[in-house]
Amino acid sequence: MRRITQLCLTVAALLSASVVLSQSTLTGTVKGSDYNEPLLGANVIEKGTTNGAVTDFDGNFTLTTKASSGEIEISYVGYSTKVITFNGNTDLGEILLDASEFGLEEISIIASIAVDRKTPVAVSTIKADEIEFKLGTQEFPEILKSTPGVYATKSGGGYGDGRINLRGFNSENVAVMINGVPVNDMENGRVYWSNWAGLGDVTSSMQVQRGLGASKVAVPSIGGTINIISKTTDIEAGGSVFTTLGNDGYTKFGLTYSTGLMDNGFAATVSAAKTDGDGYVDGTQFTGVNYFVNLSKQINDDHKLSFTAFGAKQRHGQRQNRHIIKTFRENERGTKYNSDWGYKNGQVTSIEDNFYHKPQISLNHYWNISEKSSLSTAAYVSFGSGGGGGTAGDDRSKFTSNDYKIGNYGPVDLDRIVRENKEQGALGSSAIFRASRNDHNWFGVLSTFKTDLTDNLVLLAGLDYRNYTGIHFREVTDLLGGQYFADDSDVNNPDAVLQVGDKLSYHNDGKVGWLGAFAQAEYSLDDLSAFVSINASNTSYQRIDYFNYLDSDPLQETDTYNFFGYGVKGGANYNLNENHNVFANVGYFERAPNFDSVFLNFNNESINADAPNQKITSFELGYGYRSTKLSANINVYHTIWKDRTETAGYQQPDGSFLAANILGVNAIHQGIEVDFAYRPIDELNIRGMLSLGDWRWDNDVLGVNIIDEDQNIVDTVDLYIKDLHVGDAAQTTAALGLDYKIGPRTTFITDFNYNARLFAEFDPSDRGTPGQDALEMPDFGLFDIALRHSFDFGPFDATLTGRINNLFDTEYIADAFDGATIQEALVFYGFGRTFSVGAKLKF
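Residues numbered from 1 in each chain as written. Predicted model: local features only at pLDDT ≥ 70, side-chain atom pairs only at ≥ 80, totals over all residues. Heavy atoms only, no water.

Glancing now at the overall build of the protein chain. From N to C terminus, the protein chain includes 6 helices and 51 strands. A compact globule built from 843 residues should have a C-alpha radius of gyration of about 28 Å, and the protein chain, at 29 Å, falls within 12% of that. C-alpha atoms of the protein chain, sized along the principal axes, occupy 115 × 60 × 60 Å. Burial statistics for the protein chain: of 843 residues in total, 55% are counted as buried. The contacts of the protein chain with a sequence gap of at least 6 include a subset with a gap of at least 24, amounting to 67%. Accessible surface, the protein chain as shown: approximately 35800 Å² in total, 54% of it carbon and sulfur. Each charge sign in the protein chain was given a centre, from 67 positive and 105 negative side chains, and these centres are 7 Å apart. (Helix = DSSP H or I, 4+ residues; strand = E, 2+ residues; numbered from the N terminus. Rg over C-alpha atoms; globule rule 2.2 N^0.38 Å. Buried < 20%, exposed > 50% of the residue type's maximum accessible area, 1.4 Å probe, protein only. Contact = heavy atoms within 4.5 Å. Areas by Shrake-Rupley, 256 points an atom, 1.4 Å probe, with all protein chains shown as cover. Lys, Arg positive; Asp, Glu negative; His and termini not counted. Charge placed at Lys NZ, Arg CZ, Asp CG, Glu CD.)

So, in structure tokens, the structure goes:
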């Protein structure tokens, strides 16, 4: 018996030894070749098996193979798969995966992408895979809601009406760039996300640079910069078809196809999608078509061309008017209530709506001048067409009168208004639908020269030219049964009898010119990296008014008024060791006033030629930690905003109303931000963030004399705003998320987002006497979940995704405008529970 036992032990030992001998241990570090950054979560699979490993925060992996020799396959979304042969225990060292899209590396030069542990700014990056997984029926800005310093909402709830605040600043003070090209409105600085509906379908990555950011060009980055990099074209041939279904009739379907990079150096990608739905909020039905085309050509080793065109044509109903809480509580539609729609001929008809089409077309040329120098140039054009619907006429109050509602809080009885307009016969319509159009023509060139002065010092310099014409007018869109609409707003046609398509109320052009130059020096040696950047720009404004002035009147066209702006910033990052790094940045810039701060009162005579620049100073300190399982960042910031654009109205002796600028309105935005990601095991990633802001108005502005053109004091303004909280965004936000890989091709995620200290928006000009702080809305927390499963479907790679947002149907106030009490505040409620399911087939 003893011999048998010894024999068994011997055989077992021999078998174990043979298994060990047939195994190999492989190690390595996976990075992306575009930014030379570690790739977290890259899959390393022993080819022909399900045996694999996942890279950690530093891109490192260790894989024990089942065979002593063979091949491993390394893959990561957005990068081409690489196959590597192994034989025995091997340290594969640094493994670079090439970007799967042609031309991304060159775009990053123009787009000023921040690099982890090198660029000294607070930054968060979201890749295309995460955007596709989480977006569903959410608004595009909401994909950033778990980012420190961000507050994103759906606003009124219409398709594309979402908004985003960054460190307490609204979109006028947050630079949004697509492939390095600024897209903030040239007249008022705002970003209208409905113009970019469908952008999530063609985004390769989205990077939020909080604070001064890494952008070299002069942009309004007081709160930060949102840098969106669109897809270019895929290196490998293939495509996909996809569809999404969601709550309230949400339907989306689309396709993408890429030729891949062909032998002649040509590559093309096309994508298109159509989206329709009834809208979560009453009367916000929508329809949209978005498209994307990229044509790229590798001419030779030194020259590459890339042509890109994308856009979204959409129309959607809106909820423009906030209401007090009581209104939502007392009507049967609850938080979905919307007063801005009605029935006409039995059809849902929007009283307030939005329609727009803004194609963005660019031609990029990349020139490798030498081994040390390159020139990247983007020439672009955008033609915007559309606007927002509303009402006009002496009897337009009918649209808001309870007498014209169908039941209590019901939709508007538009058929009754049609009947009454018809009964007026030759008197024409007294209540109509109109559209306020904001068309534009925008041309620009952005060119960046890069050269390595030494092994450690890089110089970037360039020019930024923009030419913009905004075309503003109202037009009749529906006479609502009447024969015509009479309008006397045009002095060149004071007895106008208007039909659908004719202009009314106003017609003017705003011309904006921009010429900027920038230079940036970047130094890098071992663990130290630093930069110094300067920029200067001249902004010119001109106004042409076709309605208020005769065609023969020289006042119809103003002179051109120029405003000089400049900025300087710098920063440094030091990697203390492989785990710890610290950074700091500081900057000051002066920003030209907006168009309406120069041309007051919507005419060509009340011109504020000496409108002051807004002045911004910012400081920031940050610390980062990286290890195999934990990645964490903490940063503190302090931003001083001086001479914020503020106006006060006054009445002249003749009864006319004018407005004037108020100087000295200052605000301080400061806070601390923490974010982390912890990966205890390969299958689980835990994410979190905490953002504590302290955003307040800095000072009272007392005894400001408003002086008319004859130098007479017509009014004295007092603003009691010192230490009042800045409203319109939650000053405390937190998030906790979990990504769990249930199986090799199945992933579950959940996110909790908490928002507190949300103060109501208010106009500082209304605080003429000492009073209370801005109203604080109740805090709230929301849970989102999503599940994705991939599988083989014949020759296709198939993916199914399900999402639920606001899982527990939490009721909360997302937006508010100030009132004496919370019961008197005008609010928008956020969405309740929503869902979507999607399917995608890749070929």
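Still to come is the rest of the account.
Going through the model one piece at a time under the given rule, you end up with 24 aromatic pairs. Each ring, one from Tyr566 and one from Tyr588, has its centre 6.2 Å from the other, and the planes form 50 degrees; the classification is tilted. On the criterion of sequence distance, the pair formed by Tyr566 in strand S34 (residues 561-575) and Tyr588 in strand S35 (residues 580-591) is long-range, its members being 22 residues apart. Here the aromatic residues Tyr541, Tyr561, Phe563, Phe595 and Phe599 are joined through ring pairs into a cluster of three or more. Above the plane of the ring of Tyr404 lies Arg416, whose end atom (NZ or CZ) is 3.9 Å from the centre. Between Arg466 and the ring centre of Trp514, over which it is positioned, the NZ or CZ distance is 4.1 Å. (Phe/Tyr/Trp six-rings, centres within 6.5 Å; stacked < 30°, edge-to-face > 60°. Lys NZ or Arg CZ within 6 Å of the ring centre and 35° of its normal.)

Predicted confidence across the protein chain gives a mean pLDDT of 92, with 94% of residues reaching 70 or more. Contacts from residues 13-20, a stretch scored under 50 in pLDDT, to residues over four places away or in other chains number 0 contacts. (pLDDT = per-residue confidence, 0-100.)

Take the pairing of strand S24 (residues 353-357) next. When you tally the buried positions in S24, you get 4 out of 5 residues, the bulk of the element. In the sheet, strand S21 (residues 303-317) pairs with S24 via 5 bridges, with the strands oriented antiparallel. Counted as the bridge partner of Arg315 is Phe355 from S24. With 4 bridges connecting them, S24 and strand S26 (residues 373-392) associate as antiparallel partners. In the strand pairing of S26, Phe355 is matched with Gly387. (Pairing = 2+ DSSP bridges.)

Let us look at the environment of Thr327. Relative to the helices and strands, Thr327 resides in helix H4 (residues 325-330). Among the residues examined, Thr327 registers a relative accessible area of 13% and is labelled buried. Linking Thr327 and Met777, residues 450 residues apart in sequence, is a C-alpha distance of 17 Å. Excluding anything up to four places from it in sequence, Thr327 contacts Tyr337 and Tyr409.

Time to look at the pairing of strand S44 (residues 730-743). Pairing between strand S41 (residues 684-697) and S44: 9 bridges, direction antiparallel. Across the sheet, Leu692 pairs through a bridge with Thr732, a residue of S44. The sheet contact formed by S44 and strand S45 (residues 746-759) spans 12 bridges and is antiparallel. Considered in S45, the bridge of Ala735 is made with Asn753. The hairpin turn running from S44 into S45, its antiparallel successor, is 2 residues long.

The next point concerns unusual backbone geometry. Of note, the phi angle at Asp248 is positive, near 55 degrees, even though the residue is not glycine. The phi torsion at Asn806 lies on the positive side, around 55 degrees, for a residue other than glycine. Structurally, Asn806 is set in the loop between strand S48 (796-805) and strand S49 (813-817). Owing to a relative accessible area of 4%, Asn806 belongs among the buried residues under this scheme.

The next point concerns the environment of Val636. Mapped onto the elements, Val636 comes out in strand S37 (residues 630-642). Along the backbone, Val636 and Gly571 are 65 residues apart, and their C-alpha atoms lie at a distance of 14 Å. Those residues in contact with Val636 that lie beyond four places of it in its chain are Phe619, Glu620, Leu621, Gly671 and Ile672.

Another aspect to go through is the environment of Phe831. On the secondary structure map, Phe831 appears in the loop between strand S50 (826-829) and strand S51 (834-842). When the C-alpha positions of Phe831 and Thr65 are compared, they lie 49 Å apart, and in sequence the two are 766 residues distant. With sequence-adjacent residues up to four places away left out, Phe831 is seen in contact with Lys154, Gly157, Tyr280, Val281, Asn806, Thr810 and Tyr812.

Attention shifts here to the pattern of salt bridges. Considering all chains together, one arrives at 38 salt bridges under this definition. Residue Lys398 is joined to Glu420 by a salt bridge in which the shortest nitrogen-to-oxygen separation is 2.7 Å. With Lys398 in the loop between S26 and strand S27 (412-413) and Glu420 in helix H5 (residues 414-423), the pair connects residues that are 22 residues apart, well separated along the chain. Taken as a pair, Lys398 and Glu420 share a single burial class, namely buried. Salt bridges sharing common partners tie together Glu130, Lys134, Arg687, Asp739 and Asp751. (Salt bridge = Lys/Arg side-chain N within 4 Å of Asp/Glu carboxyl O.)

Spatially, the 3 strands line up as an open sheet ordered S23-S22-S27, and their pairing is mixed. A single partner strand is all that each edge strand has here, and the edge strands are strand S23 (347-350) and S27. Examined bridge by bridge, strand S22 (residues 341-344) and S27 share 2 bridges and lie parallel to one another. Bridging across to S27, Gly342 finds its partner in Val412.

On to the nonpolar core, then. With 67 residues, the main nonpolar core has Leu144 and Ile228 as its most contacted residues. Sequence-distant contacts of Leu144, defined by excluding residues within four places in its chain, comprise Ile126, Val150, Ile164, Met206, Val208 and Ile226. (Core = buried A, V, L, I, M, F, W, Y, C linked by side-chain atoms within 4.5 Å.)

This part is about the sheet that holds strand S12 (residues 174-178). Strands sit in the order S9-S14-S15-S12-S13 across an open sheet of 5 strands; the sheet is mixed. Strands with a single pairing partner mark the edges of an open sheet, and in this sheet they are strand S9 (122-127) and strand S13 (181-182).

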